[in-house]
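Observations on the model geometry
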Amino acid sequence: MMITTHTRRIGFTKQWQNFVLGFQHLLAMYSGDVLVPLLIGQYLHFSTLQMTYLVSIDIFMCGVATLLQLKRTPVTGIGLPVVLGCAVQAVTPLESIGSKLGITYMYGAIIAAGIFVFLIAGFFAKLKRFFPPVVTGSLITIIGFTLVPVGFQDLGGGSATAHSFGDPANLLIGFLTIAIILLFNAFGRGFIKSIAILLGILIASLFAGTMGFISLKPVSEAAWFHTPQLFFFGVPRFNLSAMITMMMVSLTTMIESTGVFFALSDITGRQLTSKDLERGYRAEGIAAVLGGLFNTFPYSTFSENVGVLKMSGVKTRRPVYYAAFLLLLLGLLPKVGALATIIPSPVLGGAMIVMFGMVGVQGVQILHKVDFTNNANLLTASVSIGLGLGVTMYPHIFQHLPTEFQIILDNGIVVTSVSAVLLNLLFNHRWAQAAK
C-alpha cells in the first residue's frame, strides 16, 4: 500500500512538472502568436467584437494545429515536441488580400494554400536528400540569429520608432529577465533549472508590475467564454491571384518548418525519414485548411520553442501536449487568455534573446560536424548565412522586384535555405546523385 501511494505521488509530481513545462512552452510562443491577429485585425479595422473572436479562435486553433503535429498517424503528425502558431510571413500578404478583395477572399486563399501544402507534401519531403548538415546547419543558424534582433526590439520597448524605445526602465527589465534566466541555469538543479525561462518571465513581470508596466485592462475587457464558429466572418471565396500568393507564402513556411524539424531531430536524437517530413507537412496543410474554415490563419512550426526545448533539456512530447490543451482552454476563455498578453515587451525580449541565441548555436553545433577544410562547404555555409543575414537587415533591397518575388526573397530563412541547397549542389556535384 505504501509503495502504491509513493508511486502515485511520484506520478502526480511528474505530471505537475510536465504541466509547468507546457506552460513555459505556451508563454514562449503566446505573444508572437497573438501579434498576428492583432496586426491583421487592426489593419483591416476590425471591431472589438471581431478582434476578440479573432484572437480567441486563433489561440484555440494553435492548440488544434499543435495536436495534429504531435500525434503520429498514417497520414499526419511528425511526432516531435513542436508547437504551432500563426505564420508571421503571411501577415503582409493577408493584409493586402483582405484590404483589396475582402476578408472572405483572404480565407479562401488560406484554404487553397492548405490544400496545396497537403498535396505537395510527398514531393517536398523527397527533397530531404538536398539537406545535408552543411545546409541544415546554415538554415538553423540563420533561424536563430535572424530572430535575435526581434528580441532586442522587444527588449527596447517593442517599437523601434517610439520615443521611449531604449528607455533605461525597459533595458533594466529586459536585462533583468536575462540575468534571472542565467542565474537559474547556473545555480538551479533538476526541475527548477528546466523552467528557468518561465521563472525569468514571471519574476521579471512581477518586478515590471511594481514599475507600472502592467495594465489589467485587456483582462477586464475580454469575454469570459467564446466558442469557435464556422465561417464567423463569412463563407470563404476564391480568387486565383490571392490563392497563388498564399501558396507561395506556404512554400516559405514549409522551408522554415523543415529547418525546425531538423533542429528538433538533432536535439532529440531521432533521425527523420521522408515519411516523417511528409506527415509533418500534411499536418500543417490540414491546420491551414481548418484556419480558413474557422476564419483564422495558416499555421507553422514555431522556432521559439526549439530554444525552450534546448534550455529545459526535456525532450519528450508530454509537456507540449499540456501546452496544446492549455491553448485550447485559453481559446475558449478569452479573459484567462488575456492574462498572457499583459507580459511587458522587455520581459519577452529578454527571454527571446536567450531562446533565439540557443537556436542559433544549435545550428553552429550542426555545422561543427561539417568538414570545413573542404572549401566547397566553407563557401556554401558562409555565403548562405551572409545572404540570409543581409536580407533580414535590408528586406527592402528587393522592393523594385515584382511582389511575387518579394514574398519569397524578403525572408532571410528562405534565402539561406535556397542558397545553401543550390551552392551545395553546385560545389559538391550532387546532380547525378540526386537524380538516382
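The structure we're discussing is the one just above.
I will try to describe carefully the structure that is included in this document. Since we're looking at a predicted model, the values are computed, not measured. (Residues numbered from 1 in each chain as written. Predicted model: local features only at pLDDT ≥ 70, side-chain atom pairs only at ≥ 80, totals over all residues. Heavy atoms only, no water.)

1. Side note on the overall build of the protein
When you go through the protein residue by residue, the secondary structure sums to 20 helices and 2 strands. A globule of 436 residues ought to have a C-alpha radius of gyration of about 22 Å, and the protein, at 21 Å, matches this closely. Based on the C-alpha atoms only, the size of the protein along its principal axes is roughly 60 × 55 × 50 Å. Among the 436 residues that make up the protein, the fraction classed as buried is 54%. (Helix = DSSP H or I, 4+ residues; strand = E, 2+ residues; numbered from the N terminus. Rg over C-alpha atoms; globule rule 2.2 N^0.38 Å. Buried < 20%, exposed > 50% of the residue type's maximum accessible area, 1.4 Å probe, protein only.)

2. Description of the pattern of salt bridges
Within the structure shown, the criterion is met by 6 salt bridges. The shortest N-O distance in the salt bridge between Asp-276 and Arg-72 comes to 3.3 Å. Placement of Asp-276 in helix H12 (residues 274-293) and of Arg-72 in the loop between helix H2 (48-70) and strand E1 (84-86) is noted, with a sequence separation of 204 residues between them. Using a relative accessible area of 42% as the deciding quantity, one classes Arg-72 as partly exposed. In this structure, Arg-270 engages Asp-276 in a salt bridge whose closest nitrogen and oxygen atoms are separated by 3.1 Å. Members of the salt-bridge network, linked through shared partners, are Arg-72, Arg-270, Asp-276 and Arg-279. (Salt bridge = Lys/Arg side-chain N within 4 Å of Asp/Glu carboxyl O.)

3. What about helix H6 (residues 148-155)?
Residues of H6 that are buried: Val-148, Gly-151, Asp-154 and Leu-155. Across the axial projection of H6, the buried residues extend over an arc of 120°, all falling on one side. Contacts from the buried residues of H6 go to helix H5 (133-145), helix H7 (168-187) and helix H16 (345-367). Remark: Gly-157 follows H6 within two positions and exhibits a positive phi of approximately 135°. (Arc of directions from axis to C-beta. Contact = heavy atoms within 4.5 Å.)

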